[in-house]
Amino acid sequence: MPSLTFLGAAGTVTGSKHLLDLGSRRVLVDCGLFQGLKDLRLRNWSPFPIEASAIDTIVLTHAHLDHCGYLPRLVAQGFRGRVFCTPGTQDLCSLVLPDSAHLQEEEARDANRHGYAKHQPALPLYTSEDAALALTLLQPVGFNRPVPVAAGVEVEFLSAGHLLGSAYARVRLPDGRPILFGGDLGRYGRPVLPDPSPVDSADVLLVESTYGDRLHPPDDGGARLAAVINDTAARGGKLIIPAFALGRVEEVLYWLKHLEDAKRVPVLPVFVDSPMAARALQFYASRADELDVDVRPAARGVSAFATRRLTVVASPQQSKELVASRQPSIVIASSGMATGGRVIHHLEATLPGSKNTVLFVGFQAEGTRGRTLVDGIKQVRIKGRDVPVAARIERLDSMSAHADAAEIMRWLSLFSRPPSMTYLVHGESVALEALRARVQSELQWPVHVARYQERVEL
Ligand SMILES: [Zn+2]
């Protein structure tokens, strides 16, 4: 009997890993890193429940680290099979995996240097060499093209509208039954990315629940963003926007340009202080035909994202100068949950100043610095010291890349018949329970909230 084991993103939003065990073959769908709470991050270090070499094939739904960032770790432990993903995911993995390895190495080095390592010496979760080897295993496959990935098992990628290259993975078992791994579900009617593609049916469905208990604020045409910018400009401060280097930067730039063009905000210097975001922008431009129709003609040549005084910060030296500068400006830097990356230096410099604003535009997971800031903490620990928070902290959930509860229900309602079982994954407990109740009462589908390391028969 084929089985499915939830090895991550069960009861939490990170660490997506779903192991399909077909007896003689094992396929791992998504290979994500746990992030956020320390207990979760420690799971990245625990022994993987099965030998890495016992996994035949890996399938990736998209290139966010919580879906692909564990891959180099499995490679370090001996996984050598093929990793199927879309070409867009391959592009973005070529940015995020080496970057993640670099951060892991840096963190270990810092911990050793400053003596705050619990273990001596601190080691990286994986190295740049592991990440480079992982990239050689990627096997790009276009959308809507079923391909064999292991004996008798096929996978087909369907566009999910959540990130460039993002997909649901429809895995067909040897007996012909389709299992739909929903990955992360995008949103309807947003700029930059297309709507999530409709799915007619699946025997078993896994669906994310990040915003299962919430509705995003209705689209306000950029009004809130304009208010935050104008307010910060009036105070003569800096606006720091922590943003996931992949996906969010594009949407933030799209809106900044839109507001500038409509003269609803002053033309300010805009800095993208993330080499990865800059390269991702190029990939978005080169795959414009996969983007929302609204930005397609403009995206060729990146102009859909180019505000008038846009600077892509290249060198660490330039970044340092920008951190030190008091000039009113808008700085977009990663990481989006302020757990690492160049945004840390910007936060350290701007949080103590009451003229400044920090604007969060994505989901802030439990245990992250971003979450503590949006929850109103008055002092935050950065690089081992306490930094007072005097800057205004704002959040803008409308720019989320994840479907909200209504959008998830809309997508589910397009199924022509109910799956024999729907598993809710990728959510925190309140969101999971709220969505479970809705699926049960509104659709009357069999539905179950997946538990960490739970194994179910298919
Ligand atoms: Zn994602």
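Up top you'll find the structure we're talking about.
First, a word on what this report is: a plain description of the structure on this page. (Residues numbered from 1 in each chain as written. Predicted model: local features only at pLDDT ≥ 70, side-chain atom pairs only at ≥ 80, totals over all residues. Heavy atoms only, no water.)

What follows concerns the coordination of the zinc ion. Surrounding the zinc ion are the protein donor atoms H62 (NE2), H64 (ND1), H162 (NE2) and D184 (OD), at 2.1 to 2.3 Å. Its four donor atoms give the zinc ion angles of 89 to 170° at the centre, a pattern that matches the irregular case. Summarised as a motif, the one-chain spacing of the donors to the zinc ion is H-x1-H-x97-H-x21-D. A residue pair is termed long-range when its members are at least 10 positions apart, and H64 in the loop between strand 4 (57–59) and helix 2 (65–68) and H162 in the loop between strand 8 (153–159) and strand 9 (167–172) qualify at 98 residues. With relative accessibility at 1%, the residue H162 sits in the buried group. (Donors = N, O, S within 2.8 Å, 3.2 Å for Na, K, Ca; no water. Tetrahedral: all angles 85-135°; square planar, octahedral: opposite > 155°, others 65-115°. Helix = DSSP H or I, 4+ residues; strand = E, 2+ residues; numbered from the N terminus. Buried < 20%, exposed > 50% of the residue type's maximum accessible area, 1.4 Å probe, protein only.)

Time to look at the side chain of D273. In this structure, D273 sits in the loop between strand 13 (270–272) and helix 8 (275–286). For D273, the side chain forms a polar contact with the side chain of S319, separated by 2.6 Å. Side-chain polar atoms of D273 contact the side chain of H346, separated by 2.7 Å. Discounting residues that sit within four places of it in the chain, D273 has contacts with V313, S319, L322, V331, I332, A333, R342 and H346. (Polar contact = N/O pair within 3.5 Å; in protein donor to acceptor, adjacent residues only side chain to side chain. Contact = heavy atoms within 4.5 Å.)

One can find H18 in strand 2 (residues 17–21). Distance in space between the C-alpha atoms of H18 and V29 is 5.1 Å, their sequence separation being 11 residues. For H18, the residues in contact, after removing those within four places along its chain, are L4, T5, F6, G8, V27, L28, V29, D30, F181, L206 and V425.

The subject of this paragraph is the environment of Q327. By secondary structure assignment, the location of Q327 is in the loop between helix 10 (316–324) and strand 15 (330–333). Residue classification places Q327 among the partly exposed positions, given a relative accessible area of 39%. Counting along the chain gives 58 residues from Q327 to P269, while the straight-line C-alpha distance between them is 9.0 Å. Residue contacts for Q327: discarding those within four places in its chain leaves K238, P269 and R309.

With that out of the way, let us pick up the nonpolar core. Counting 70 residues, the largest nonpolar core has I58, L60, L71, L74 and I332 as its most contacted members. Broken down by element, this core gets its largest block of residues, seven residues, from helix 7 (residues 248–261). Each residue touching I332, except ones within four places of it in the same chain, is listed here: I241, A243, V249, V252, L253, L256, V270, F271, V272 and D273. One finds V147, A167, V171 and L206 within the second-largest nonpolar core, a separate group that totals 29 residues. (Core = buried A, V, L, I, M, F, W, Y, C linked by side-chain atoms within 4.5 Å.)

Pairing within the open sheet is parallel, and its six strands lie in the order 14-13-15-12-16-19. A strand with exactly one partner marks an edge of an open sheet, and here the two such strands are strand 14 (310–312) and strand 19 (392–395). Averaged over neighbouring strand pairs, the angle between their axes works out to 20° when direction is ignored. Two elements, strand 12 (residues 239–242) and strand 16 (residues 357–360), share two bridges in a ladder whose sense is parallel. Of the residues in strand 16, the one forming a bridge with L239 is T357. (Pairing = 2+ DSSP bridges. Axes fitted to C-alpha atoms, helices over the stretch in contact; angles between N-to-C directions.)

This next bit is on the packing of aromatic side chains. The full count for this structure, using the stated rule, is eight aromatic pairs. Ring geometry for Y211 versus F363: centroids 5.4 Å apart, planes at 85°, classification edge-to-face. With Y211 in the loop between strand 11 (204–208) and helix 6 (223–234) and F363 in the loop between strand 16 and helix 12 (369–374), this pair connects stretches of sequence that are 152 residues apart. With relative accessibility at 2%, the residue Y211 sits in the buried group. Their ring planes at 70° and their centres at 5.5 Å tell us that F415 and W445 sit as a pair that is edge-to-face. Highlighted residues: F415 in the loop between helix 13 (405–412) and strand 20 (421–425) and W445 in the loop between helix 14 (429–443) and strand 21 (447–449), separated in sequence by 30 residues. Taking relative accessible area as the criterion, F415 reaches 7% and is therefore assigned buried. (Phe/Tyr/Trp six-rings, centres within 6.5 Å; stacked < 30°, edge-to-face > 60°.)

On to the packing of helix 4 (residues 87–114) against helix 8, then. Running from N to C, helix 4 and helix 8 cross one another at 170°; their axes reach a closest spacing of 9 Å. Considered as vectors, helix 4 and helix 8 are oriented roughly antiparallel to each other. Contacts between helix 4 and helix 8 pair D91, L92, S94, L95, V96 and D99 from the former with M276, R279, A280 and F283 from the latter. Partitioning the contact of helix 4 with helix 8 into residue classes produces six nonpolar, one polar and three charged. (Parallel < 35°, antiparallel > 145°, perpendicular 65-115°, else oblique. Nonpolar A, V, L, I, M, F, W, Y, C, P; charged D, E, K, R; others polar.)

This part is about the pattern of salt bridges. Summed over the entire model, instances satisfying the criterion amount to 27 salt bridges. Ionic pairing is found between D219 and R190, a salt bridge with its closest N-O pair at 3.7 Å. In this pair, D219 sits in the loop between strand 11 and helix 6 while R190 sits in the loop between strand 10 (178–181) and strand 11, placing the two residues 29 residues apart along the sequence. Residue K257 is joined to D261 by a salt bridge in which the shortest nitrogen-to-oxygen separation is 3.5 Å. Highlighted residues: K257 and D261, both in helix 7, separated by four residues, approximately one helical turn. For K257, a relative accessible area of 21% corresponds to the partly exposed category. A single salt-bridge network, built from bridges that share partners, covers R190, D219, R248 and E251. (Salt bridge = Lys/Arg side-chain N within 4 Å of Asp/Glu carboxyl O.)

Taken by themselves, the reported measurements are silent on function.
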